[in-house]
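Listed here are the chains, written in short residue letters.
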Amino acid sequence: MITFIISMLYILITLVLGIVISRKNKNIQEFLVAKDRLSLPLCCVLLMASTFAGAYTTGSVRDSYLTGFAPYLPIAAMGLGYATFVPLIRFYRSMSREGYVSIPEALSVRFDNRVKAAVLVINCLAYGATFAVQPVALASIVAPMLKLDPALVSWCAAALMAIMALTGLTGVAWMNTFHCLMMVGGMTVISIFAMNKAGGLANIVATVPAQTWNIVTPNLPTILIRVLALAVCMYVSSESATIAIGAKNVKTAKICCVAVGIVIFVFTALLLMIGVSAQILLPNLEHPSEALYLLSANLGPVFSIMASIAVLAAIMSSAPAYLLYFSTSITRQIATRFAHNASEKSMMFCSAICIVALAFFGNLFAQRATSILNFLFNVFEVMSITGLILIVGHYWKRVTGRSAFLSLVITTVIATLWMILGNPWGIATAWIVIVVGGALLILFTLMEKAPVSEGYARTRKMMDQYKNEA
C-alpha cells in the first residue's frame, strides 16, 4: 500500500506540473512539437525518457537474466542512431520552418506524396502498437497492489496517459524531467547495490558463465546488420525528429543527440547488470520476467518501491510521447489534405481526438490481440528502410520520389513476409531490409535520367535559407 500511495502522489505531482506548463501552448506547432521551446536539459530528458518504455526496462533485465549481455548491442544501437543523427538535424529544422513538422511531411518534400503516405502508415502502426502495451504494463504493477482487475486498471491508465498527452509536448517534456530522474536514478541505484550484494564486479565475472559477456550472439555478421538497421531506424523516429524541431537551436539539438547516445550506452550496461546479478542472487527463477521485482525485494523494501517507481516512470514518460507522435502524423495529414484553412483551435481539437482515440482503441487492441502486437513490434525493424532511404537521399542527388517509393514498398513487403515466415535459414530480417532495400534503391535510382532530382533541389533550396541558423 505504501508503494501505491507513493506512486499515485508521484503521478499526481507530475500531472499537475504538465497541466500548468501546457497553458503556454499558443498554437498547434507548439502543442505537437514544442517548436524552438526546449532547452538542452528538457531535450535530453525528453529523448531519454521517451526512448525507454516500461516494457523495455523490465524486458532488458529479464533477457540479461537469461542470456547475459547478448541484448546489449541491439539496445545500444538506439544510442548510436541518435549520435549519428546529427547531419539530419538541419534537414528536419528547415522543413519545420516551412510548416512541415511531421516525418511523413518532411519526406514528402524530399521525395513525394507516395512516400509520405507509405511512411505515415508504417509509423502509425509502429507507434500505435508500442503505445498499446503501456497501459497493460502499468496495470501489471498497480493491479496486484490494490487486488483489482488488471483490465480495469489498464483502462484507467490509458485515460491518465491521454490526459498527460493532452498537455502537449512541452508539458510532457517537463513531466519527463521527473520521470527520467526516477527511471535512470532508480535503476542505477538498484544496479549498483545489486552488484555489491552479488560480491562485486570481480566476483560476478568469476561466477557467471563466460558466455554471459558475449555481445555478438548469434554471430558477428547478424548482430552488426541488426545494429546498423536499428541505428538507421532512429533517423526517422519521431523521438529524433521532435528533438531536431523542438530544440531552441541547432547546437542544442546536436549536443542532446550525442549526449543521450552516450548515456544510452552506459545505462543499457547498468540495466543488464541487474539481470546478471540476479543470476547469482536468485538462481533458477521460474518466471525470469519477475527478476527485477524479486531482486529489488531481496535488496530491501526501499529498493522494491524504487523499482516499481522506476518502471512506472518509464511507462508514464514514453506512453504520452507515443500518443503525441501518433497525433502529430495524423493531424498534419488531415491539415494538408482536407483542412488547409483550419483554425489553430480546430487543429488542436483534432489532435486531442486522435490522442483519445488511440488511447481507447490501443488499449482495447492490447487486451484482445497480444500476439498481433508482438508482430507489430517487428515493424520497427522494417522501419529502418525508411531511414536508409532518407540518409542516402540526403546525400545522393539522383534519388527521386519514384525510386524511393518503389524501394520502400517492395522492401517493406518482402521484409514483412520474411518475418511472418520466421526468418528462413536463420537470416535476420535486417539483412533483407538493408541489403535488399539498399540494392533496390541503387538500382531504381540509377535508372533515373536526371542527375539531380527535383526533390533534392527543392530540399536544398529550403535548407540553404536557414543554413546560418545557430
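Reading guide: rules and limits
Residues numbered from 1 in each chain as written. Predicted model: local features only at pLDDT ≥ 70, side-chain atom pairs only at ≥ 80, totals over all residues. Heavy atoms only, no water. Salt bridge = Lys/Arg side-chain N within 4 Å of Asp/Glu carboxyl O. Helix = DSSP H or I, 4+ residues; strand = E, 2+ residues; numbered from the N terminus. Polar contact = N/O pair within 3.5 Å; in protein donor to acceptor, adjacent residues only side chain to side chain. Contact = heavy atoms within 4.5 Å. Core = buried A, V, L, I, M, F, W, Y, C linked by side-chain atoms within 4.5 Å. Buried < 20%, exposed > 50% of the residue type's maximum accessible area, 1.4 Å probe, protein only. Axes fitted to C-alpha atoms, helices over the stretch in contact; angles between N-to-C directions. Parallel < 35°, antiparallel > 145°, perpendicular 65-115°, else oblique. Nonpolar A, V, L, I, M, F, W, Y, C, P; charged D, E, K, R; others polar. Phe/Tyr/Trp six-rings, centres within 6.5 Å; stacked < 30°, edge-to-face > 60°. Disulfide = S-S within 2.5 Å.

### A look at the pattern of salt bridges
Counted according to the given criterion, the structure contains three salt bridges. Note that Asp-112 is salt-bridged to Arg-114, the shortest N-O span being 2.9 Å. As a salt-bridge pair, Arg-402 and Glu-448 come within 3.0 Å of each other at their nearest N and O atoms. Here Glu-448 lies in the loop between helix H22 (429-446) and helix H23 (454-465) and Arg-402 lies in helix H21 (residues 401-420), a separation of 46 residues in the sequence.

### Notes on the side chain of Asp-112
Checked against the element boundaries, Asp-112 lands in the loop between helix H7 (103-110) and helix H8 (113-146). Engagement of the side chain of Asp-112 in a polar contact is seen with the side chain of Arg-114, the distance being 2.9 Å. When neighbours within four sequence positions are excluded, Asp-112 is seen to be in contact with Leu-107, Gly-401 and Arg-402.

### Let's talk about the nonpolar core
Of all hydrophobic cores here, the largest spans 117 residues; its most connected members are Tyr-92, Met-161 and Met-187. Element by element, the count of residues in this core is highest for helix H16 (residues 301-337), at 17 residues. Setting aside residues up to four positions removed in sequence, Met-187 forms contacts with Thr-57, Val-61, Met-182, Phe-267, Leu-271, Ile-274, Leu-292 and Ala-310. Of all hydrophobic cores here, the second largest spans eleven residues; its members include Phe-69, Ile-204, Leu-270 and Met-273.

### Comments concerning the packing of H7 against H23
Contact geometry of H7 with H23 gives a least axis separation of 7 Å together with a crossing angle of 115°. As far as their axial angle goes, H23 and H7 are roughly perpendicular. Mapping the contact onto sequence places Ser-108, Val-109 and Arg-110 in H7 and Gly-455, Tyr-456, Arg-458, Thr-459 and Met-462 in H23. Residues of the contact of H7 with H23, tallied by class, amount to three nonpolar, three polar and two charged.

### Points about the packing of aromatic side chains
Applying the stated criterion to the full structure yields seven aromatic pairs. Their ring planes at 65° and their centres at 5.2 Å tell us that Phe-91 and Tyr-92 sit as a pair that is edge-to-face. Feature note: the residues Phe-69, Tyr-72, Trp-213 and Phe-265 constitute an aromatic cluster, connected by ring pairs.

### Details of the state of the cysteines
Here the structure, examined in full by the defined rule, presents zero disulfides. Considering cysteine sulfurs only, Cys-44 is the nearest to Cys-256, which forms no disulfide, with 4.1 Å between them.

### A few points about unusual backbone geometry
A cis amide bond links Thr-217 to the next residue, Pro-218, at an omega of 0°. For Pro-218, the location among the structural elements is in the loop between helix H11 (200-207) and helix H12 (220-233). Of note, Asn-284 is a non-glycine position whose phi angle comes to about 60°, a positive value. Along the polypeptide, Asn-284 turns up in the loop between helix H14 (250-281) and helix H15 (291-299).

### Considering the environment of Thr-67
One can find Thr-67 in helix H4 (residues 54-67). Along the sequence, Thr-67 and Thr-212 sit 145 residues apart, while their C-alpha atoms lie 6.3 Å from each other.

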